[in-house]
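Residues per chain are reported as follows:
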Amino acid sequence: MKILKLPKDKLDYFASVVQSFGEVHAPVEQDGKFAFKRLARWSEARLDYDRTILPPKKYFLPPRETLFQFKPGAGYIPFAGDMEKKIVLFGVHACDVYALNILDMVFGGKYPDPYYLERRKNIAIIGVECVPDAQCFCRSMRADFVDHGFDLFFHDIGGYYLTMVGTALGDDMVLATRPLFEDVGAGDIDEYKRRSGEKRKKFQIEVEIRDLPEIFEMEYASAIWNELGEKCLSCGSCSAVCPTCYCFDVADDVQLGTRAGGRTRTWDSCLFATHALVAGGENFRKSRSSRVKFRFYHKQRGFVAEYGRPSCVGCGRCISACPVKIDVIKVLDTLREMQHVVSH
Ligand code: SF4
Ligand code: SF4
């Protein structure tokens, strides 16, 4: 991987040049919270944000999108929508890039999703280093560093951003502004390593994930799932804000009396009462406890079996979003404590 450095005082100029690669979207502040938005001006960008309300997945798997349209006589009409729009997503944190890499495995795997993949091709990612807060546990989930899935990634090393160039597109961005970038020296790498060490010390939460699949196997019948089910409101907020939740529902919207319409897909959540409802009225997960349990098992157990790692990246969003304070870290800690109770 090519590594260069960009003087911090040249970032504004770099951002202005990058506009020629697509619409620039970055985190902006709204009532004390942050959201990725199209920038009206670069000064709106807040690269010092903690976490955005919704993760960048909203660009690749929009909350609602038309897949195609249909009309009597014309049949199936492909619907490109805005899939080909070039966007530069500036300021994505490592955990969110990692989450996109996880979505790549799902949408680029056995059943490739052309809608997702087309957007992934057209949306450039410029990552930035972050500072962990009290809800971040991305380090425990091995998602505090990414070596792919971005075009450029900026790491703060004082007066410069150490810049990792991840793709040919990232290289083109550098070439378009080449005089701004400088070669790195041993001192820059040392400073990067020193700061990485400092960042590691800032994590306040540590979650051991090595034996989680085994713990989940043991606790399938645990009372904890009923306790969580009693609290959960089935609001689906945890899924909506999660960078790796990807369930969707597909429906045909037909215009009354015309037999014309469109097929849409909309975010769904495994916490919704109707998520496992099938034709004939059978519902495989009627109770809230079975749905909460399913979400935890899918993230921490089922995904490991299929893809070799949990699908949680430790971003902490679901902890902030849950109105009844169901906290993934506390749940994992409780499950682990149950093992000690039995073994001592
Ligand atoms: S489960 Fe929660 S902490 Fe884990 S990736 Fe999803 S929102 Fe983030
Ligand atoms: S955010 Fe909390 S209350 Fe809402 S569905 Fe998720 S776990 Fe249940």
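Residues numbered from 1 in each chain as written. Chains lettered and ligands numbered in written order. Predicted model: local features only at pLDDT ≥ 70, side-chain atom pairs only at ≥ 80, totals over all residues. Heavy atoms only, no water.

Peer 1: Would you mind going over the site of ligand 2 in detail, with residue names and values included?
Peer 2: Around ligand 2 sit Cys232, Leu233, Ser234, Cys235, Gly236, Ser237, Cys238, Leu271, Cys322, Pro323, Val324 and Ile326, and that is every residue in its neighbourhood. Across the shell around ligand 2, the residue classes tally to nine nonpolar, three polar and no charged. (Near = heavy atom within 4 Å. Nonpolar A, V, L, I, M, F, W, Y, C, P; charged D, E, K, R; others polar.)

Peer 1: Give me the lowdown on the sheet that holds strand β1 (residues 2–7), citing residues and values where you can.
Peer 2: Strand order across the open sheet formed by eight strands is β3-β2-β6-β7-β8-β9-β1-β10, with mixed pairing between neighbours. If you trace the sheet from one side to the other, it starts and ends with β3 (33–38) and β10 (182–183), each paired once. Where strand β8 (residues 152–156) meets strand β9 (residues 160–165), five bridges bridge the pair, whose relative direction is antiparallel. Each bridged residue has a counterpart across the sheet, and for Phe153 the counterpart in β9 is Met164. Sheet strands in contact with helix α4 (residues 114–122) are β6 (87–92) and β7 (123–128), and its direction is about 60° off that of β7. (Pairing = 2+ DSSP bridges. Helix = DSSP H or I, 4+ residues; strand = E, 2+ residues; numbered from the N terminus. Contact = heavy atoms within 4.5 Å. Axes fitted to C-alpha atoms, helices over the stretch in contact; angles between N-to-C directions.)

Peer 1: Describe the pairing of β1, and please don't skip the residues or the numbers.
Peer 2: Alignment of β1 against β9, held across six bridges, turns out to be antiparallel. Bridging from a neighbouring strand, Ile3 pairs with Met164 of β9. With two bridges connecting them, β1 and β10 associate as antiparallel partners. Across the sheet, the residue bridging to Lys5 is Glu182, located in β10.

Peer 1: A description of the domain arrangement of the protein chain should follow, citing residues and the corresponding values.
Peer 2: When its domains are assigned, the protein chain resolves into domain 1 (2–64 + 77–202) and domain 2 (212–343). A C-alpha centroid distance of 27 Å is found between domain 1 and domain 2. For the pair domain 1 and domain 2, the summed buried area comes to about 2700 Å², and 63% of that belongs to carbon and sulfur atoms. Interface area lost by domain 1 to domain 2 is led by Lys57, Phe137 and Met141, which between them contribute 23%. Summed over the shared surface of domain 1 and domain 2, the result is four salt bridges. Between Arg64 and Asp253 there is a salt bridge whose closest N-O contact spans 3.0 Å. Counting every contact that joins domain 1 to domain 2 gives 16 residue pairs in polar contact (both at pLDDT 80 or more). For the side of domain 1 that touches domain 2, the elements supplying multiple residues, two or more each, are α2 (57–60), α3 (94–107) and α4. Of all the elements, α3 adds the most residues to the side of domain 1 that touches domain 2, at nine residues. Residue composition of the side of domain 1 that touches domain 2, grouped by class: 22 nonpolar, two polar and eight charged. (Domains from an automatic or database assignment. Buried area = accessible area lost by both parts, 1.4 Å probe. Salt bridge = Lys/Arg side-chain N within 4 Å of Asp/Glu carboxyl O. Polar contact = N/O pair within 3.5 Å; in protein donor to acceptor, adjacent residues only side chain to side chain.)

Peer 1: Outline α3, listing residues and values.
Peer 2: Here α3 is 14 residues long and its end C-alpha atoms lie 20 Å apart, about the 20 Å a rise of 1.5 Å per residue gives. The buried fraction of α3 amounts to twelve of the 14 residues, a majority that puts the element mostly inside the structure. (Expected span 1.5 Å × (residues − 1). Buried < 20%, exposed > 50% of the residue type's maximum accessible area, 1.4 Å probe, protein only.)

Peer 1: Which residues make up the packing of aromatic side chains, and what values do they have?
Peer 2: Applying the stated criterion across every chain yields a total of 19 aromatic pairs. On the numbers, 6.1 Å between centres and 40° between planes, the contact of Phe90 with Phe154 is tilted. You can see Phe90 sitting in strand β6 and its partner Phe154 sitting in strand β8, a full 64 residues away along the chain. The burial state of Phe90 is the same as that of Phe154; both residues are buried. With centroids separated by 5.5 Å and ring planes inclined at 75°, the aromatic side chains of Phe150 and Phe153 adopt a geometry described as edge-to-face. Under the relative-accessibility criterion, Phe150 is labelled buried at 1%. Since its relative accessible area comes to 2%, Phe153 is described here as buried. (Phe/Tyr/Trp six-rings, centres within 6.5 Å; stacked < 30°, edge-to-face > 60°.)

Peer 1: Which residues make up the sheet that holds strand β12 (residues 261–267), and what values do they have?
Peer 2: Pairing is antiparallel in the open sheet, where four strands are placed in the order β5-β4-β12-β11. What marks the edges here is a single partner per strand, and that holds for β5 (75–78) and β11 (248–254). Taking each pair of neighbouring strands and ignoring which way they run, the sheet shows an average axis angle of 25°. Across seven bridges, the pairing between β11 and β12 is antiparallel. Paired with Val254 across the bridge in β12 is Gly261. Of the strands in this sheet, β4 (64–71) and β12 touch α4, which is tilted by about 125° from β4.

Peer 1: Quick one: what's the story with the nonpolar core, residue by residue and with numbers?
Peer 2: Ranked by internal contacts, the top residues of the largest apolar core, which has 38 residues, are Phe60, Leu89, Ile125 and Val313. The greatest single-element share of this core, amounting to ten residues, is contributed by α3. Counting only domains with at least three residues in this core, you end up with domain 1 (2–64 + 77–202) and domain 2 (212–343). Ignoring any residue separated from it by four or fewer positions in sequence, one finds Ile125 in contact with Phe60, Leu89, Val92, Val97, Leu100, Arg120, Gly149, Phe150, Asp151 and Leu152. If you look at the next biggest cluster of nonpolar residues, it comprises 28 residues, including Val207, Trp225, Val328 and Leu335. (Core = buried A, V, L, I, M, F, W, Y, C linked by side-chain atoms within 4.5 Å.)

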